[in-house]
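Below, each chain spelled out in residue letters.
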Amino acid sequence: MCALIFHFLLLNIPLLLASLIHPRCYWRTKLKEGKDLDLGPNCVFFLQPTSEAIGREHWNKYLNEFTTPESQRFAFALAFSMDEVNRNPGLLPNMSLFDYIGFGCKTLPQFTRHMRMVINNVLPNYDCTRKPMCALLLTGTSWETTATIQTFMNLFVSYQVFLLTFGPFHPVLSDHEQYPLLYQMAPNDISLALAMVSFILYFRWNWVGLVISDNDQGIQFLSYLRREMEKNTVCFAFVNMIPVNMELYMPRAEVYYNQIMTSSTNVVIIYGDIEYTLALSVRRWESLGIKRIWITTSHGDDAMSKRDDTLDSFHGTLTFAHHHPDISGFKNVVQTLNPINYSDKYLASMEWMYFNCEALASNCNTMENCSSNATLQWLMENTFDMAFSGSSYDIYNAVYASAHAMHEWFFQYLVLLEIPILNNYKSVCLKLYDILRNIHFTNPVGDRVTINQREKLQEECDVFYISNLQQGLEIKVKIGSFSPYFPHGQQLHLSAEMMEWATGSTKILPSVCSADCGPGFRKFWKEGMATCCFECSPCPENEISNETSESLCFTAFTAVGLGVFVKHHDTPIVKANNKTLSYLLLISLMSCFLCSLLFLGRPNTATCILQQITFGIVFTVAVSTVLAKTITVVLAFKLTGTRRRMKYILISGVPNYIIPMCSLFQVILCAIWLGSSPPFVDIDAHSEHGHIIIVCNKGSVTAFYSVLGYLACLAMGSFTVAFLVRNLPDAFNEAKYLTFSMLVFCSVWLSFIPVYHSTKGKVMVAVEIFSILASTAGMLGCIFVPKFYIILLRPERNSIQNIRKKS
């Protein structure tokens, strides 16, 4: 019992955690520089320890060197992280971290020109005055910046350069043969692909578009996404691979526009380098009136935020980001450095700001109802901190990783003397690299951090909805989360309340290639069509569709008959034939008609099992009820005053116990069947040439015929007893009708056996359905139609006076 309770709680962990998830909401204002295409700054930070104290005045002067919001937000994250490390007495005691050289943030061409000037002035290979040293560089966000700095720093013989990168994970940089001293702080994006596919399946989409950068990063994400989509029968409506080079992009810009414009999908995923061409594509598409549900990653936030304020999409933008905890005190530290320049309004132009979701929701029923001017004023008054972006969090972890590595390095070098003082400085530097490569620690917000990508676990993801309001105001709401460690099907949790508040509706647009075919039609695939797409064609005459009218019609007729019997329950014809058994027989016949529906549609494990088990049990109940009615008739006519035992048997309702006893034996047979060799889904590749048919395999053929044989024994017993008393005199003796019903039942199932063995595939299923409907209709017609005729059309015969007159 304890194990069952533990298993139950384990399966419900996602629900338990979901109920504890506090809504997270953010706001920011769009960048005033939104018309240019300088979307991704290229930054290089030279991390170096010093024995001097680094105070707030140093950081204020340092931050003033960064002039654009894009570069300032990374500089803020670096300054905050280093200041936190420097104030930690347990890390690097009597030492401080700072940016030694101050390359800053530049565009890639500016950065390349700057490095060439340095090389021309220094002549690195011939400078013998420099002391050997280990250089620890933090670079991002573009992988090209990292590759460039690696090339340039290799020219400096006196430097052993270790690189830590922030920004999106890039497969090129994971090549340790080409970049042996480089580690990426960001996790790979495979969990983002898993989360996106789970999100797509949640809304039952199967037709999505994809826009990626035409580089290694985009191609790798495409492979992740395609692998998961193929597992779940989700298809690409199109794949636009946008060249990074502007000269290659411009001649094909119209082709990309037409491809997305003519597509029937309502959902488009955007992934890749947010600089230049990809961002330009998104802005151009929306300016030309393309409205879609955009899905992107956190690195695409900037590209999507550069859109015109007047533009509108169907449902804003859905953003997937690697989960990281909140870091408190960020805004306070930054504003302490310069409270005049770094106001809330200014900080909101470069980074997301936290606010209380419930408080704003109480003022606005939906996000769209919020008045922009009033909302902006309210947000300014209720902001309580500045959020870390994914790249800023990478910087935070990189600074702490560097501090932990240097701390251990100095400890071994100065205290334990495990690192010998050698003239070959490379040995000393490689020891630092070895420590850094194997570093494991828990950062101040509780995350476990490791540098080695091979040891990193798959990351959890958050799902955000971003809405562009007027006056340059954006609001981001967390609507869900994804964890790859929960059981399949329970990995994604979405908050219906937050989605409804953010989007203003509980419904979302469909995005399917083809609508489902209705009854009487089947799916038809043409050569070259995607697996998610199909056409609908009428079912041929010799094939079965999902049309259920015949079964439902019989069921409805039986239900009407039951209603007639209940309404006329005090009349002689109902009383004379044990009305309780009549009610039970009508209900069981309705179940017999309905069980034929299990044989329609595409088979699965559940329906294959239910087909045979339901058939066996409901027919046993029906036939055993007929047997009980027959025995009741026999006892009634054999009863005399001297046979008190038979009178007691009849009055006490002993014949009614026949039904549960007979049904229990059938249930035992079915349980043995399920325990030994239950029915299962199988394929039939031989019945029809060129077709593979999905069928239900009976499992144990012996068990199937045992169930059928037991039914035959009950039917033959009922037929024999009813035949013997068919001529007994009575006004409403139904023995003749019971005899005919069992005769029809036995005839149908006796003829079923040879026909069943001579057919295969769909025809075999049709034979079984026909036998079910025919035998059930035979019992209904033979037993009850004559009674319905008297009750409804000849009511004068259904009276005590008429019975006495005949007597």
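Keep in mind that this is a model prediction, so the values were computed, not measured. In every chain, residue numbers begin from 1 and rise along the written sequence. pLDDT decides what is reported in this predicted model: residues at 70 or higher carry local features, side-chain atom pairs at 80 or more are listed and counted, and totals for whole chains, interfaces and linings draw on all residues regardless. Only heavy atoms go into the side-chain values, all of them from the structure, while hydrogens and water stay out.

Chemist: Where do I start with a nonpolar patch on the surface in this structure?
Modeler: Taken together, Leu 664, Val 667, Ile 668 and Ile 672 make up a surface patch of nonpolar side chains, about 360 Å² in accessible area. The numbering of helices and of strands both runs from the N terminus, where a helix is a DSSP run of H or I of at least 4 residues and a strand a run of E of at least 2. Position of Leu 664 relative to the elements: it lies in helix α25 (residues 658-676). Like-charged residues within 9 Å of one another, or nonpolar side chains (Val, Leu, Ile, Met, Phe, Trp, Tyr) within 5 Å, are grouped into patches, provided each residue has over 30% relative accessible area and no salt bridge. Throughout, the Shrake-Rupley method with a 1.4 Å probe supplies accessible areas, and for residues the shown protein chains are the sole cover considered. By convention in these notes, a salt bridge is any Lys or Arg side-chain nitrogen within 4 Å of a carboxyl oxygen on Asp or Glu.

Chemist: Help me understand unusual backbone geometry, please; the structure alone is not making it clear to me.
Modeler: In terms of backbone geometry, most residues other than glycine have negative phi values and most peptide bonds are trans. For Leu 92, which is not glycine, the phi torsion reads 45° and is therefore positive. Mapping Leu 92 onto the fold places it in the loop between α4 (69-86) and β3 (96-99). Phi at Asn 94 takes a positive value of approximately 65°, unusual for a residue other than glycine. Relative to the helices and strands, Asn 94 resides in the loop between α4 and β3.

Chemist: Help me understand the packing of helix α7 (residues 190-202) against helix α8 (residues 216-231), please; the structure alone is not making it clear to me.
Modeler: When two helices pack together, their arrangement is captured by the angle between the axes and the distance separating the axes. For every element, the axis is a line fit to its C-alpha atoms; helices are fit only across the contacting stretch, and the angle between N-to-C directions ranges from 0 to 180 degrees. At a minimum axis separation of 9 Å, α7 and α8 run at an interaxial angle of 40°. When the interaxial angle is binned, α7 and α8 end up oblique. Considering the relative orientation of α7 and α8, their crossing is right-handed. Along its contact with α7, which presents Ile 190, Leu 192, Ala 193, Leu 194, Met 196 and Val 197, the element α8 presents Phe 221, Tyr 224, Leu 225, Arg 227, Glu 228 and Met 229. Among the residues making up the contact of α7 with α8, the classes are represented as ten nonpolar, no polar and two charged. Each angle gets one of four labels, with under 35 degrees taken as roughly parallel, over 145 as roughly antiparallel, 65 to 115 as roughly perpendicular, and the rest as oblique. Left-handed describes a crossing whose near helix is turned anticlockwise from the far helix by less than a right angle; the clockwise case is right-handed. Whether two residues are in contact is decided by their heavy atoms, any of which lying within 4.5 Å being enough. Each residue gets one label: Ala, Val, Leu, Ile, Met, Phe, Trp, Tyr, Cys and Pro are nonpolar, Asp, Glu, Lys and Arg are charged, and the others, such as Gly, are polar.

Chemist: Looking at this structure, how should I read the packing of α4 against helix α13 (residues 330-337)?
Modeler: Remark: α4 packs on α13, axes separated minimally by 10 Å, with the N-to-C direction vectors making an angle of 100°. Looking at the two axes, α4 sits roughly perpendicular to α13. Of the residues in α13, those in contact with Phe 76, Ala 77, Phe 80 and Asp 83 of α4 are Phe 330, Val 333 and Val 334. Among the residues making up the contact of α4 with α13, the classes are represented as six nonpolar, no polar and one charged.

Chemist: Would you explain the nonpolar core in this entry?
Modeler: Among soluble globular proteins, nonpolar side chains are generally buried collectively. For the purposes of this section, nonpolar cores are sets of buried Ala, Val, Leu, Ile, Met, Phe, Trp, Tyr and Cys residues that join through side-chain atoms within 4.5 Å. Burial classification: accessible surface area is computed with a 1.4 Å probe over protein chains only, and a residue below 20% of its type maximum counts as buried, one above 50% as exposed, and the rest as partly exposed. Counting 115 residues, the largest nonpolar core has Phe 45, Phe 199 and Leu 225 as the members making the most contacts within it. No other element matches the twelve residues that helix α17 (residues 390-415) contributes to this core. In this view, Phe 45 contacts Tyr 62, Phe 66, Phe 74, Leu 78, Asp 99, Cys 105, Leu 136, Leu 137, Leu 138, Phe 166 and Ile 395; residues no more than four positions away in its chain are not counted. If you look at the next biggest cluster of nonpolar residues, it comprises 59 residues, including Phe 565, Val 626, Met 764 and Ile 791.

Chemist: What is the right way to read the confidence of the model for the protein from this model?
Modeler: The predicted coordinates ought not to be read in detail in places where the model reports low pLDDT. Confidence of the predictor in every single residue is expressed as pLDDT, which spans 0 to 100. When pLDDT is averaged along the protein, the result is 78; 78% of the residues meet or exceed 70. A low-confidence stretch, residues 33-39 (pLDDT under 50), is modelled with 19 contacts involving residues beyond four sequence positions or located in other chains. Across residues 309-314 the pLDDT falls below 50, and counting only partners more than four positions away or on other chains, this stretch makes 16 contacts in the model.

Chemist: What am I meant to see in the pairing of strand β9 (residues 235-242) here?
Modeler: Here is the key point about a regular strand: its side chains alternate between the two faces of the sheet. Two strands make a pair as long as DSSP finds a minimum of two bridges between them. Here seven bridges tie strand β8 (residues 207-213) to β9, and the two strands are oriented parallel to one another. If you follow Ile 212 over to β9, its bridge partner there is Met 241.

Chemist: Explain the environment of Phe 554 to me, please; I cannot follow it from the model alone.
Modeler: Mapping Phe 554 onto the fold places it in helix α20 (residues 549-567). Classification of Phe 554 as partly exposed rests on a relative accessible area of 30%. For the pair Phe 554 and Ala 777, spaced 223 residues apart in sequence, the C-alpha to C-alpha distance is 7.7 Å. Discounting residues that sit within four places of it in the chain, Phe 554 has contacts with Phe 593 and Ala 777.

Chemist: I keep staring at the state of the cysteines and nothing clicks. Help me out?
Modeler: Here a disulfide denotes one covalent bond, and it connects the sulfur atoms of two cysteines. Cysteine sulfur atoms that pair up within 2.5 Å are treated as a disulfide. For the coordinates displayed, the defined rule picks out four disulfides. Cys 43 shares a disulfide with Cys 105; S-S distance 1.9 Å. What sets the handedness of the Cys 43 and Cys 105 disulfide is the S-S torsion sign, and at about 110° it is right-handed. Placement of Cys 43 in strand β2 (residues 42-50) and of Cys 105 in strand β4 (residues 104-106) is noted, with a sequence separation of 62 residues between them. No difference in accessibility class separates Cys 43 from Cys 105, as the two residues are buried. Across the disulfide, Cys 608 is cross-linked to Cys 696 (sulfur-sulfur distance 1.9 Å). On the sign convention where negative is left-handed, the bridge of Cys 608 and Cys 696, at about -80° about the S-S bond, is left-handed.

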